[in-house]
Amino acid sequence: MQYTTFGRTGLKVSVAAMGCGGSSCLGLTRGHSVVQCAGIIHRAVDLGVNLIDTAKSYGTEPVVGAALKMMPRDSVVISTKQKVTEGKTLLSAAQVVAALDDSLRVLGTDYVDIFFLHTVLPDAYGHAVREIAPALLREKEKGKFRFLGITEMPPKDPHHDTLQLAFSDDCWDVMMFAFHMLGQNARHAVLPHTRERNIGTLMMFAVRSLFSTPGRLRQDVRAIVEAGKLPGWLAEKDEPLDFLLHKRDPQAARSVIEAAYRYVRHEPGAHVVLFGTGNPAHVAPNIEAILKPPLPPEDVQKLNALFGHLEGVGLDEPVRATAATRAG
């Protein structure tokens, strides 16, 4: 495993982080037991991962709590999150503090390392920073968490407007945002500011349905070509990114998913890349991809030239199975 300093937090964290959300939620949405799901966390930790990211809204805090019972608390960095709205209603500071307390109870720990305000939209940011953040910082002084973070909501904020607002305030130690091969605008909208302020960066959406669902990339690229935003030759290919899978360079990617992880991992200013899975067999390959060297420079240049102008691509919300869909 490779480790990095997580911005101004000073935490030494693995460059690969176990994400406990997404569509699978460690396998919970597929009917797996808490013990099975906790086993995925244990597998990641055995391979050197020491940053585990969950959230109340994921429903995986009990899984992380179960996993924590089997390891020293100080051997891992735990982050969790709470939304600032419920539907269209703004939550009060007292409600968010109560949610923090509940997360600590469910996780079975006295503190979390990072507490995020979760999926904050631009029109809720003022409330978050004026009303909720000061209350949370008082809880921080009590030792309930070590660092305060904020996450955007990519499907509804593709231009990173929330984080643009957040850079005016110095209370945020960590930021989580979307960045991937076809969604690169954080390179200009976010990363210069996090680097200047030494804010820890947790990169999400490196691999989602866009790259992992068979046929999805081809379908989306063809739609973008039809909209006149990409060259026509890309629509003629069954695998639009097969130019990454060449043999002329031994450092070339072996798969599009591997390329996706490597592309995000080596972006200047990226500290940690989230990966998630409900399949224990996928843990090691995901980590191995994140740990590989940068893609060949000509491949990165081609990705940037082709897709650097796109916005809002592949930012769909997780599709989580229900009991009914699992059964039938």
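In this text, all values refer to a predicted model and were calculated from it rather than measured experimentally.

Draft legend 1. Main features of the packing of helix α10 (residues 256–265) against helix α11 (residues 283–291). Contact geometry for α10 and α11: axes closest at 7 Å, N-to-C directions at 45 degrees. Considering their axes alone, α10 and α11 lie oblique with respect to each other. The element α10 and its partner α11 pack so that their crossing is right-handed. Side by side, α10 and α11 meet where E258, Y261, R262 and R265 of the first sit next to N286, A289 and I290 of the second. For the contact of α10 with α11, the residue count by class is three nonpolar, one polar and three charged.

Draft legend 2. Quick peek at the pattern of salt bridges. A full pass over the atoms with the stated rule returns 18 salt bridges. Here D170 and R8 are joined by a salt bridge, their closest N and O atoms 2.9 Å apart. Placement of D170 in the loop between α5 (161–166) and β10 (174–178) and of R8 in the loop between β1 (3–5) and β2 (12–14) is noted, with a sequence separation of 162 residues between them. Across the salt bridge formed by K144 and D101, the nearest N and O atoms sit 2.8 Å from each other. Residue K144 is located in the loop between α4 (122–141) and β9 (145–151), and its partner D101 is located in helix α3 (residues 93–107); the two are separated by 43 residues in the primary sequence. Here D101 falls in the partly exposed class, since its relative accessible area comes to 32%. The network of salt bridges with shared partners includes D101, E139, K142 and K144.

Draft legend 3. Representation of the sheet that holds β9 within the structure. Strands sit in the order β3-β4-β5-β8-β9-β10-β11-β12 around a closed barrel of eight strands; the barrel is parallel. Along the sheet, successive strands turn relative to each other by an average axial angle of 30 degrees, direction set aside. The pairing of strand β3 (residues 16–19) with strand β4 (residues 51–53) spans two bridges and is parallel. Across the sheet, the residue bridging to M18 is I52, located in β4. Contacts from helix α1 (residues 34–46) reach β3, β4 and β12 (272–275) within the one sheet, and its direction differs from that of β3 by about 175 degrees.

Draft legend 4. How the structure looks around empty space enclosed by the protein. Considering all chains together, one arrives at one cavity of 30 Å³ or more under this definition. Roughly 80 Å³ of internal volume is contained in the largest cavity. Looking at the largest cavity, it is lined by 15 residues, and the ones nearest its centre are P158, A178, G183, N185 and L315. Considered class by class, the residues forming the lining of the largest cavity number seven nonpolar, five polar and three charged.

What counts and how
- Residues numbered from 1 in each chain as written.
- Predicted model: local features only at pLDDT ≥ 70, side-chain atom pairs only at ≥ 80, totals over all residues.
- Heavy atoms only, no water.
- Axes fitted to C-alpha atoms, helices over the stretch in contact; angles between N-to-C directions.
- Helix = DSSP H or I, 4+ residues; strand = E, 2+ residues; numbered from the N terminus.
- Parallel < 35°, antiparallel > 145°, perpendicular 65-115°, else oblique.
- Left-handed = near helix turned anticlockwise from the far one by under 90°.
- Contact = heavy atoms within 4.5 Å.
- Nonpolar A, V, L, I, M, F, W, Y, C, P; charged D, E, K, R; others polar.
- Salt bridge = Lys/Arg side-chain N within 4 Å of Asp/Glu carboxyl O.
- Buried < 20%, exposed > 50% of the residue type's maximum accessible area, 1.4 Å probe, protein only.
- Pairing = 2+ DSSP bridges.
- 1 Å grid on protein atoms, 1.4 Å probe; cavity = no way out; pocket = protein on both sides within 12 Å on 5 of 7 lines; lining within 4 Å.
- Points joined across faces, edges and corners; volume = space filled by probe spheres on them.

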